[in-house]
Amino acid sequence: MRRALRLAARGAGRTSPNPMVGAVIVKDGAVVSEGHHRRAGEPHGEAEALRSAGDRARGATLYLNLEPCAHHGRTPPCADAVVAAGISRVVAAMRDPDPRVDGKGFRALRAAGIEVEMGVLEAEARRLNEGFISRNERGRPFVLLKLATTLDARVAVEGRRYLSGKAALREVHRLRDRFDAVMVGVGTILADDPELTVREIRGRDPLRVVLDADARTPPNAKLLRTGDPQRTIVFVARDAEPRRVKRLRDAGVPIATLPRAAGDDGLDVAAGLRWLADNGINTVLSEGGPRVAASLLRARLVDRILFVVAPVVGGDGPHAIDGAAAVDIRAMRVRRAGPDVLLEADL
């Protein structure tokens, strides 16, 4: 099962709206074949492993981190393929929370006489697919809030473009590669003009999301001129100034409208996250500034935090989480990335 989980993780950031799935087929104590879901629209992990095994799958045990799907989507049901291949036993880490499956795959296997065991390394499997689970069970993506700060919790240092060193930047770009979307507020666009692409490592660019109630994003902003413009979405308020919205549309920028937050001139971020979930986004990396961070925390929309703390005292700018209420954290993990300290915790 650990091998199946490692295989599944290779699909991070590439399989949405599908889950990450890895599969290992074992017969007579030896691995016959293995596979993983590489990207949406391509064969699922168990289908890839079964195709590689061929006739050797008959009478074998299939290990996989998620219940086989039992519905027709862009690919045929994997449960049917498992039955047809002659697998005699299936060991799965967890049930599929997708309401189109939700136990139907296991029932189909048992009805065909296949022995089914469920729950092996379930906690690890749930953490791996926490975004897919969140979208299906809560109607929103899993959200990781990342903030770069000084030791005194400020978000800038005079004369520096980046707070973090190269090693920490590579860690952030690894996250961008593994997350479906990266989200910032328009304040970050106006202040830093970021590309929000993956450059420090080899990888693929996430969907770039801008929270911009009043449509202030410049049409010549770097994130609109770099990479695929259709891999960007700008959220604006329903009452945003029409000429500004038109200017962005004329520049080829995908636009979506959201209600404003109650008692605030910003956007309803919960509605934005629901929009992303409805469009197949499982995971969101928030790289916005203090205002976005505070709005997410106030609305209890953050699942994990990552503080990248630079060895600097006496920073500039606002507090890193300006105006957010106190939130308890758990399972804190601390590690180094060059001179910076990474503090990660679940909420």
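For the structure, check the block above.
Residues numbered from 1 in each chain as written. Predicted model: local features only at pLDDT ≥ 70, side-chain atom pairs only at ≥ 80, totals over all residues. Heavy atoms only, no water.

Caption draft 1: Highlighting the nonpolar core. If you look at the biggest cluster of nonpolar residues, it comprises 33 residues, and the most contacted ones within it are V209, F235, L276, V284 and L296. Breaking this core down by element, the ones donating at least two residues are strand 6 (142-149), strand 8 (181-185), strand 9 (207-211), strand 10 (232-237), strand 11 (255-258), helix 11 (269-278), helix 12 (290-298) and strand 13 (304-309). If we skip the residues at most four places from it in the chain, V209 touches A181, V182, M183, V184, I233, F235 and L276. Residues V157, L175, A215 and L223 belong to the second largest nonpolar core, which totals 30 residues. (Core = buried A, V, L, I, M, F, W, Y, C linked by side-chain atoms within 4.5 Å. Buried < 20%, exposed > 50% of the residue type's maximum accessible area, 1.4 Å probe, protein only. Helix = DSSP H or I, 4+ residues; strand = E, 2+ residues; numbered from the N terminus. Contact = heavy atoms within 4.5 Å.)

Caption draft 2: Fine view of the sheet that holds strand 16 (residues 340-346). Spatial strand order, 11-10-9-8-12-6-13-16-15: 9 strands in an open sheet with mixed pairing. What marks the edges here is a single partner per strand, and that holds for strand 11 and strand 15 (330-337). Going across the sheet, the axis of each strand differs from the next one's by a mean of 20°, ignoring polarity. Across 4 bridges, the pairing between strand 10 and strand 11 is parallel. Its bridge partner being in strand 11, A237 is matched across the sheet by L258. Sheet contacts for helix 11: strand 6, strand 9, strand 10, strand 11 and strand 12 (283-286); angle to strand 10, the most-contacted strand, approximately 145°. (Pairing = 2+ DSSP bridges. Axes fitted to C-alpha atoms, helices over the stretch in contact; angles between N-to-C directions.)

Caption draft 3: A look at the state of the cysteines. Summed over the entire model, instances satisfying the criterion amount to 0 disulfides. You can see C69 has no disulfide; the closest cysteine sulfur is in C78, sitting 3.7 Å from it. Overall, the relative accessible area of 6% leaves C69 in the buried class. C78 sits in the buried class, given a relative accessible area of 3%. (Disulfide = S-S within 2.5 Å.)

Caption draft 4: Fine view of the side chain of R204. Following the sequence through the fold, R204 ends up in the loop between helix 8 (186-192) and strand 9. The buried charged residue R204 lacks any salt bridge, with D180 as its nearest oppositely charged partner at 4.3 Å. At 2.9 Å, the side chain of R204 forms a polar contact with the backbone oxygen of R176. Engagement of the side chain of R204 in a polar contact is seen with the backbone oxygen of D177, the distance being 2.9 Å. Beyond its immediate stretch of four places on either side in the chain, R204 contacts G13, R14, R176, D177, R178, F179, D180 and V198. (Lys, Arg positive; Asp, Glu negative; His and termini not counted. Salt bridge = Lys/Arg side-chain N within 4 Å of Asp/Glu carboxyl O. Polar contact = N/O pair within 3.5 Å; in protein donor to acceptor, adjacent residues only side chain to side chain.)

Caption draft 5: Quick peek at the pattern of salt bridges. In this structure the tally under the stated criterion is 28 salt bridges. Here D214 ties to R260 by a salt bridge, and the two come within 2.7 Å at their closest N and O atoms. Of this pair, D214 sits in the loop between strand 9 and helix 9 (222-225) while R260 sits in the loop between strand 11 and helix 11; the two residues are 46 residues apart in sequence, bridging distant segments of the chain. Among the charged side chains, a network of salt bridges with common partners joins R127, E130, E171, R174, R304, R333, R335, E344 and D346.

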